[in-house]
Amino acid sequence: MLNRGKVKVLICYRVLQAWRVPVFERLSKMPDVELLVLHGQDYQGTKLINYKGAHSFRAIELNTIKFSVPFKHGAGIPIHTNILSEIYKFSPDVIITEGASNFFSNFASFLYAKIKRKKIVQWGLGEIEGRRKGVLKRVFYYLFGMLEKRSDAAISYSTFGAKYYKRCGLPNESIFVAVNVVDTDARKAQMESHCLKYGLSLPSVDPDFLNVIYVGALAPGKNVEVLIKAYSRLVKEDLQGSGSLLIIGDGPDRRYLESLSEKLEVDDRVTFLGHISGSLAEHFYRSSVMVMPGLGGLAVSDSLSHGVPVICGVGDGCEKDLIDGSNGIIINPFTEDSLFEKLLFLSRNPHERRRLRSGAAGFLKGKHNIESYVNELHEAIFYAVNKPS
């Protein structure tokens, strides 16, 4: 039975990814929101896999056709064949949809919203800095932009992404920035639990040597080979201070990367732990810095939530909101040479490592956390609800 007096919010997603579940949980518990999440079926062999654990919010898995397009690699764009019937059953006041990556569901949601005079909100990263578009992609995004600018509001992953929605023609007051972060409360609790269990200080102190950590997929586009090559040069240049490199994650490139570390004669210092589904607190505690050599944004907040500074390149835009110079370094352009230079500097300057670590330790006291994330979504919802038709 539906709860009267609440705004009925429908969120359409490709899949119910694990890192979105804490956001949906908190949103569903707000007293003025009734939430339903529609999502597609698993994309086997990709990171688009549905969360298999328990959750308290209502969610429905849609019938899914995996549709490939010439300019979209990996999972492609899904077609959810029964989305309109589920939307009509729920009869939402507001629909939040996932942007261009979920185009067909987005378009179906848009049609419903306009026909039924309901509100629709776009939720996405906007645009990735420096990413080139071919002719087909430019045409696609031009057409999709026509739909976006007719939406009632937009939620961007980052301040940089918000500029995209402004260029689409949305007014400033209808654009909300909900910086994409992990469940910061959970990370804090995990680190506190680890320290309590082993009688360790919190925040942790910088290790005596430069211990580097990487957390993420071992797949094309993540550029983990750049990290291994730069680290191997560091070992040769500064054997005493170079510490270790810990790689957490799995994927199709793992064997290649393990062979690369052997070829570069650093396999005694590079450890591959594979995928870890539980807490990473013990591994972050012993790390000096996390390096993110490829695209991605959640890994930045994950590391900072554990009190570990970050070195990264230009990603999905979140890094510019999360890294302020006191808690990490953004390298542009990010190359093997530029990464090597930063690692060598940190290896030879422990005072700089301590400075960055001190900045990272204060991250959870700042404005970017799971609570502010959900509050921004809530504001976007009620802006759209109260916007005149």
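Preceding this section is the structure that the text describes.
Residues numbered from 1 in each chain as written. Predicted model: local features only at pLDDT ≥ 70, side-chain atom pairs only at ≥ 80, totals over all residues. Heavy atoms only, no water.

Here's the deal with the sheet that holds strand S2 (residues 33-39)
Within a sheet, adjacent strands bond to each other through the backbone by hydrogen bonds, running parallel or antiparallel.
Here is step 1 of the chain: Strand order in the open sheet formed by 7 strands is S3-S2-S1-S6-S7-S8-S9, with parallel pairing between adjacent strands. Because the sheet does not close on itself, it has two edges, and the strands there are strand S3 (58-61) and strand S9 (175-177). Across this sheet, the average inter-strand angle for adjacent strands is 20 degrees, counted without regard to direction.
Here is step 2 of the chain: Along the sheet face, helix H1 (residues 21-28) touches strand S1 (7-13), S2 and strand S7 (119-124) and points at about 150 degrees away from the line of S2. (Pairing = 2+ DSSP bridges. Helix = DSSP H or I, 4+ residues; strand = E, 2+ residues; numbered from the N terminus. Axes fitted to C-alpha atoms, helices over the stretch in contact; angles between N-to-C directions. Contact = heavy atoms within 4.5 Å.)

Concerning the pairing of strand S12 (residues 270-274)
Here is step 1 of the chain: Only one face of S12 is covered, namely the face carrying Val 270, Phe 272 and Gly 274; the face carrying Thr 271 and Leu 273 is uncovered.
Here is step 2 of the chain: Here strand S11 (residues 244-248) pairs with S12 via 4 bridges, running parallel. Of the residues in S12, the one forming a bridge with Ile 248 is Gly 274.
Here is step 3 of the chain: At this point the chain moves from S11, through helix H8 (residues 254-263), to the parallel S12, and the crossover so formed is right-handed. (Buried < 20%, exposed > 50% of the residue type's maximum accessible area, 1.4 Å probe, protein only. Right-handed = clockwise from strand over helix to strand, strands pointing away.)

Focus on the pattern of salt bridges
In a structure, side chains of opposite charge can pair up when their charged atoms sit close to one another.
Here is step 1 of the chain: Enumeration according to the criterion identifies 14 salt bridges in this entry.
Here is step 2 of the chain: Of the charged contacts, one joins Arg 14 and Glu 98 as a salt bridge, the two residues approaching to 3.3 Å between their closest N and O atoms. Here the residue Arg 14 occupies a position in the loop between S1 and H1, and Glu 98 occupies one in the loop between strand S6 (94-97) and helix H3 (103-115), the gap between them amounting to 84 residues.
Here is step 3 of the chain: Since its relative accessible area comes to 6%, Glu 98 is described here as buried.
Here is step 4 of the chain: Here Arg 286 makes a salt bridge to Glu 282, at a shortest N to O gap of 3.9 Å.
Here is step 5 of the chain: Residue Glu 282 is classed as partly exposed on the basis of its relative accessible area, which comes to 36%.
Here is step 6 of the chain: Each member of the salt-bridge network shares a partner with another, and the members are Arg 26, Asp 183 and Asp 185. (Salt bridge = Lys/Arg side-chain N within 4 Å of Asp/Glu carboxyl O.)

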